[in-house]
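# Observations on the model geometry
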Amino acid sequence: MILKGIVKRKLNVKKIWELLISFVGLITFNFFSRQFISFSITGLLGAIIQVSSTNFLKYLFNFSFNQVITFSTLLSIIFAYLVNNYFTFKNNSFRGKYLIKGFIKNSIVNVNLLLLRIAIAIYLFNVIAIDQISAQILAILICFVFRYYLSKKFIWNNSNNN
């Protein structure tokens, strides 16, 4: 009986996710693929989780930003990986012992793109002379496109996922 309730809730989450993807597709005139929309929403939710958990831990336990940022960043990375695995790239999702393998691949991509994002922002600010906020936003957007491509081609490429 309990298992039946869990399965029913899981199906409801999938339906809600698909409805959200469809809605975003509708308002963007289906310009983007459903997978790209799902990846984008996952990234946005991951950012919200990071900022929220950072503030929650800071104020609830009176921790400093420096004490909580690593934990909240890791929490958002794990969240985004799992959501992308089960919803965005569901046809190529990792299962069982391969879930950890996928997380390692995901972490390698994230670390390298973080370094690239920093380098791009520094280049745009120091060489091209773009203001700091615009340099960061452009670097984030550029690396977001790379992250999607690498996620699709390197992480969830259907080789030994399950």
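Residues numbered from 1 in each chain as written. Predicted model: local features only at pLDDT ≥ 70, side-chain atom pairs only at ≥ 80, totals over all residues. Heavy atoms only, no water.

Now for helix H2 (residues 34-61). Between the first and last C-alpha of H2 there are 40 Å, a value that for 28 residues agrees with the 40 Å anticipated at 1.5 Å per step. A positive backbone phi angle near 60° is found at Asn62, which sits one or two residues after H2. (Helix = DSSP H or I, 4+ residues; strand = E, 2+ residues; numbered from the N terminus. Expected span 1.5 Å × (residues − 1).)

In this section: the packing of aromatic side chains. Counted according to the given criterion, the structure contains 14 aromatic pairs. Here the aromatic rings of Phe31 and Phe32 are separated by 4.9 Å at their centres, their planes lie at 90°, and the arrangement is edge-to-face. The exposure class of Phe31 is exposed, given its relative accessible area of 68%. Classification of Phe32 as partly exposed rests on a relative accessible area of 36%. Relative to Phe144, the ring of Phe36 has its centre 5.5 Å away and its plane inclined at 75°; by these criteria the two rings are edge-to-face. Of the two residues, Phe36 sits in helix H2 while Phe144 sits in helix H5 (residues 132-155), which places them 108 residues apart along the sequence. Residue class for Phe36 comes out buried when judged on its relative accessible area of 17%. One aromatic cluster is present, formed by Phe31, Phe32, Phe36, Phe39, Tyr81, Phe89, Phe94, Phe103, Phe144, Tyr148 and Trp156 through successive ring pairs. The ring of Phe154 is capped by Lys105, whose NZ or CZ atom sits 5.3 Å from the centre of that ring. (Phe/Tyr/Trp six-rings, centres within 6.5 Å; stacked < 30°, edge-to-face > 60°. Buried < 20%, exposed > 50% of the residue type's maximum accessible area, 1.4 Å probe, protein only. Lys NZ or Arg CZ within 6 Å of the ring centre and 35° of its normal.)

A cluster of nonpolar side chains, namely Ile100, Ile104, Ile108, Leu116, Leu138, Ile142, Phe146, Tyr149, Leu150 and Phe154, defines an oily patch on the protein surface of about 870 Å² accessible area. Going through the elements one at a time, helix H4 (98-126) and H5 are the ones with two or more residues in the nonpolar patch. At six residues, H5 tops the list of elements feeding residues into the nonpolar patch. You can see Ile100 is positioned in helix H4. (Patch = residues over 30% accessible without salt bridge, like charges linked within 9 Å, V, L, I, M, F, W, Y side chains within 5 Å. Areas by Shrake-Rupley, 256 points an atom, 1.4 Å probe, with all protein chains shown as cover. Salt bridge = Lys/Arg side-chain N within 4 Å of Asp/Glu carboxyl O.)

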